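Topology and contacts: notes
Given next are the chains, with one letter for each unit.
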Amino acid sequence: MRDTVTSTAGPDYDIGKLSIVKPRHYGRWLAAAAILVILLFIVKAFADGQIAWKVVGQFFTAPAILTGLVNTIIMTACAMLLGITLGVLFAVMVMSPNPVLKGVAVLYIWFFRGTPLILQLLLWFNLALVFPRIGIPDVFSIRTVELITPFVATLLGLGINQGAYTAEVVRSGILSVDSGQTEAASSIGMTRLTALRRIVMPQAMRVIIPPVGNEVISMVKLTSIASVIQYSEILRNAQTIYYANNYVIEMLFVAAIWYLAVVTVLSIGQHFLERYFGKGQRKAVQTERTGALA
Amino acid sequence: MSVAMQNGPMLVARNLKKTFGSFTALEDVSLDINHGEVLCIIGPSGSGKSTFLRCLNQLERIDGGAVWIDGELIGYRRSGDRLYPLSDAEVARQRLATGMVFQRFNLFQHMTALQNIIEGPVTVQRRRRAEAVDEAMTLLERVGLADKRDAYPAQLSGGQQQRVAIARALAMKPKLMLFDEPTSALDPELVGEVLNVMRGLAGSGMTMIVVTHELGFAREVAHRVVFMDRGGIVEAGPPQQILSSPQQARTREFIAAVLN
């Protein structure tokens, strides 16, 4: 049989001597050229337009702008810290067998995901209208307007709102860990909470980190809405300046460039963080592949 | 082989009942196991043998009946003629008496072989780390994997993972070892290495309950074989009797089906 097959004059099987011609992507070159032309038009339009670029440069490192930038970064860090803490806490509560804890957590997520963030900020900021003084009766109390500064109101608004979203992210991370891991942890005598802390959460991080990284980036930009309650972050300080000097677009550009700079740095950080937490997974996939081949 | 008799049985299960919704997984299962006894449970899938094992270390809640391990009532505290369910922490403490080996190994994926083994002694039993590492290395040698101490589960074969899982369970110094189909998820050529470790363990006098489809292993190592079907014990006795000359028609059918 085999002899008859090889002996018949068929196609030339010896293609090792031939060279491979790389595909030429004419379409890509054409599209790139077209986009380049459009970009040039846009750049030229802005260069010729009524924008005082010198003012942009001049105010780029103005003290008020830099203070605003620092405040933006501080608020992002504090609000995310509060958000992640609350998120983990409420995710664990939602998954708890205790119906009281579960009910509280469900209510929290329902309320803070169900109302606009700007409304929540205004509520916190105007808390003094409802409660002129806060504290424990007869022991200690403080005037609410002194306690709820723009910083505190913003922190509470952004952090607590973030917590409601992060709780869902953490919950999906916990659910992504195989239930066999919890059973094995139980079988060596771990309590539910110890198993969560030592076994489940470290493995859930792989799923939790990428979306939380995303949320850090959106938090940088979300802080800008705190300008409505007079927290002096970068956008509000840019506005304060343009109310005085009327260079509206210029000051907005200054803020935009700073936002882009911060987000760019964070995106690079996120990339490396994801690679770090994806390590074990890649290893597993490799082993699975070689296992399948074997 | 002689079974060492100490005061009272190691495990007593009386009239166990377990339901999942309308499905009855266990119906009136009673079984005693002596100190040092190796018991193999065989039976078709869905017969309730894994559920029985999971009830013994409270991974499943028992719906009726009771279990005593080494004289201690499982899951409840008795006060006069009342039973109070135990807290999460008390159940966790009771589980220290049993070691469990799972079909899917369930090694902690983010820990090396060594870390998997010392996790229980260090985190749960609060023993000194150096001491736990020493004992873990002895166990790794015993299962023939001392050179894999720093390997992650994903880098180990199924057979190696299962041997580490056995070492992890033994590190807690349990009174009783439960094996839930320990070789069912393994490629055929890896089954032998795991059975060898279990054979060694049985030889050392460990009390073992093994849910398995390996009839050869049951014949060679078990003191007693139990055949389960449809949530109940159909027949129990010495391996020769159950595997070679079963009394019940259902047992005969099952063994004939497995051997072919």
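Residues numbered from 1 in each chain as written. Chains lettered and ligands numbered in written order. Predicted model: local features only at pLDDT ≥ 70, side-chain atom pairs only at ≥ 80, totals over all residues. Heavy atoms only, no water.

Considerations on the sheet that holds strand 8 (residues 98-101) of chain B
All names here are of chain B. To keep it simple, the criterion reads: Between any two strands, pairing holds if DSSP finds at least two bridges. Helix and strand definitions here come from DSSP, where helices need a minimum of 4 consecutive H or I residues and strands a minimum of 2 consecutive E residues; each element is numbered from the N-terminal end. What counts as an axis is a line fitted to C-alpha atoms, over the stretch in contact for a helix, and the angles between N-to-C directions run from 0 to 180 degrees. We call two residues contacting when some pair of their heavy atoms lies within 4.5 Å.
The six strands are arranged 8-9-10-3-11-12 in an open sheet whose pairing can be described as mixed. Each of the sheet's edge strands pairs with one partner strand only, and the pair in question is strand 8 and strand 12 (232-237). When strand polarity is set aside, the average angle formed by the axes of neighbouring strands in this sheet is 20 degrees. In the sheet, strand 8 pairs with strand 9 (residues 176-180) via four bridges, with the strands oriented parallel. Within strand 9, the residue paired with Met 100 across the bridge is Leu 178. Sitting on the sheet, helix 5 (residues 158-170) touches strand 8 and strand 9, and the angle it makes with strand 8 is about 170 degrees.

Observations concerning the interface of chain A and chain B
In plain terms, the rule: Between Lys or Arg on one side and Asp or Glu on the other, a salt bridge is scored when a side-chain nitrogen of the former is within 4 Å of a carboxyl oxygen of the latter. Under this definition, polar contacts are N or O atom pairs within 3.5 Å; protein pairs additionally need one hydrogen-donor-capable and one acceptor-capable atom, and for neighbouring residues in sequence, both atoms have to be side-chain atoms. Throughout, the ten residues Ala, Val, Leu, Ile, Met, Phe, Trp, Tyr, Cys and Pro are labelled nonpolar, Asp, Glu, Lys and Arg are labelled charged, and all others, Gly among them, are labelled polar.
Between chain A and chain B, the residue contacts involve 21 residues of the former and 26 residues of the latter. Seen at the junction of chain A and chain B, the total is two salt bridges. Residue Arg 198 of chain A pairs with Glu 119 of chain B through a salt bridge whose shortest N-O separation is 2.7 Å. For the interface between chain A and chain B, the tally reads seven residue pairs in polar contact (both at pLDDT 80 or more). A per-element tally of the side of chain A that touches chain B places helix 10 (residues 179-187) of chain A first, with seven residues. Partitioning the side of chain A that touches chain B into residue classes produces seven nonpolar, nine polar and five charged.

Here's the deal with the nonpolar core
All names here are of chain B. Rules: Nonpolar cores were defined as sets of buried Ala, Val, Leu, Ile, Met, Phe, Trp, Tyr and Cys residues, with membership established by side-chain atoms within 4.5 Å. When a residue's accessible area, from a 1.4 Å probe over protein chains only, is under 20% of the maximum for its type it is buried; when over 50% it is exposed; and in between it is partly exposed.
Counting residues in each nonpolar core, the largest one holds 53 residues, and the members touching the most others are Ile 166, Met 177, Phe 179, Met 198 and Met 208. Sorting elements by how many residues they give to this core places helix 6 (residues 188-203) first, with eight residues. When sequence neighbours within four positions are dropped, the list of residues in contact with Ile 166 reads Val 101, Met 177, Phe 179, Val 194, Val 197, Met 198 and Leu 201. Grouped together as the second largest cluster of nonpolar side chains are 37 residues, Leu 53, Leu 56, Leu 59 and Val 211 included.

Notes on helix 4 (residues 129-142) of chain B
Residue and element names in this part refer to chain B. Applicable threshold: Here the expected length of a helix is defined as 1.5 Å per residue gap, with one fewer gap than residues.
If you check helix 4, its first and last C-alpha atoms are 20 Å apart, about what 14 residues at 1.5 Å a residue would give, namely 20 Å. Looking at the buried positions of helix 4, the neighbouring elements they touch are helix 3 (113-124) and helix 5. Positioned one or two residues after helix 4, Gly 144 has a phi angle of 75 degrees, which is positive.

Focus: the packing of aromatic side chains
The cut-off we apply is this: For Phe, Tyr and Trp, rings pair up if their centres lie within 6.5 Å, where Trp contributes its six-membered ring, and each pair is then called stacked (planes under 30 degrees apart), edge-to-face (over 60) or tilted (otherwise). Geometrically, a charge over a ring is one whose NZ (Lys) or CZ (Arg) sits within 6 Å of the ring centre while staying within 35 degrees of the ring normal.
This structure, assessed with the given rule, holds nine aromatic pairs over all chains. Pairing Phe 60 of chain A with Trp 258 of chain A gives two aromatic rings, centres 4.7 Å apart and planes at 5 degrees, and the pair type is stacked. One end of the pair, Phe 60 of chain A, is in helix 3 (residues 53-60); the other, Trp 258 of chain A, is in helix 13 (residues 248-293), with 198 residues separating them in the sequence. A ring pair is formed by Phe 151 of chain A and Tyr 231 of chain A, whose centres lie 5.9 Å apart and whose planes are at 55 degrees; its orientation type is tilted. Separated by 80 residues along the polypeptide, Phe 151 of chain A in helix 9 (residues 150-175) and Tyr 231 of chain A in the loop between helix 11 (192-222) and helix 12 (234-245) bring together distant segments of the chain. The exposure class of Phe 151 of chain A is partly exposed, given its relative accessible area of 29%. Chaining the aromatic ring pairs together yields one cluster made of Phe 90, Tyr 108, Phe 111 and Phe 112 of chain A. In this structure, Arg 168 of chain B packs its charged tip against the face of Phe 108 of chain B, placed 4.5 Å from the ring centre.

As for the pairing of strand 6 (residues 76-79) of chain B
In this sheet, strand 7 (residues 82-85) of chain B lies alongside strand 6 of chain B in antiparallel orientation, the contact comprising four bridges. Bridge pairing links Tyr 76 of chain B to Pro 85 of chain B in strand 7 of chain B.

Side note on the environment of Thr 182 of chain A
For Thr 182 of chain A, the location among the structural elements is in helix 10. On the basis of relative accessibility, which here comes to 32%, the residue Thr 182 of chain A falls in the partly exposed class.

Here's the deal with the packing of helix 10 of chain A against helix 11 of chain A
Working note: a packed helix pair is described by the angle between its axes plus the distance between those axes. Residue and element names in this part refer to chain A. Filter applied, for reference: Oblique is the label for any angle not covered by the other classes, which are roughly parallel (under 35 degrees), roughly antiparallel (over 145) and roughly perpendicular (65 to 115). Take the far helix as the reference: if the near one is turned anticlockwise from it by less than a right angle, the crossing is left-handed, and if turned clockwise, right-handed.
Orientation of helix 10 relative to helix 11, taken along the N-to-C sense of each, is 155 degrees, at an axis distance of 10 Å. Our classification of the angle between helix 10 and helix 11 gives roughly antiparallel. Along this stretch, helix 10 crosses helix 11, giving a crossing that reads as right-handed. In this structure, helix 10 uses Gln 181, Thr 182 and Ala 185 to contact helix 11, whose residues at the interface are Ala 195, Ile 199, Val 200 and Gln 203.

Here we look at the confidence of the model for chain A
Residue and element names in this part refer to chain A. What counts, and what does not: Confidence of the predictor at the level of single residues is given by pLDDT, which spans 0 to 100.
Of the residues in chain A, 91% have a pLDDT of 70 or more, and the chain-wide mean is 88. When mean pLDDT is taken per element in chain A, helix 10 scores highest with 96 and helix 1 (residues 2-7) scores lowest with 52. This model gives residues 288-294 a pLDDT under 50, and the stretch forms zero contacts once residues within four places in sequence are excluded.

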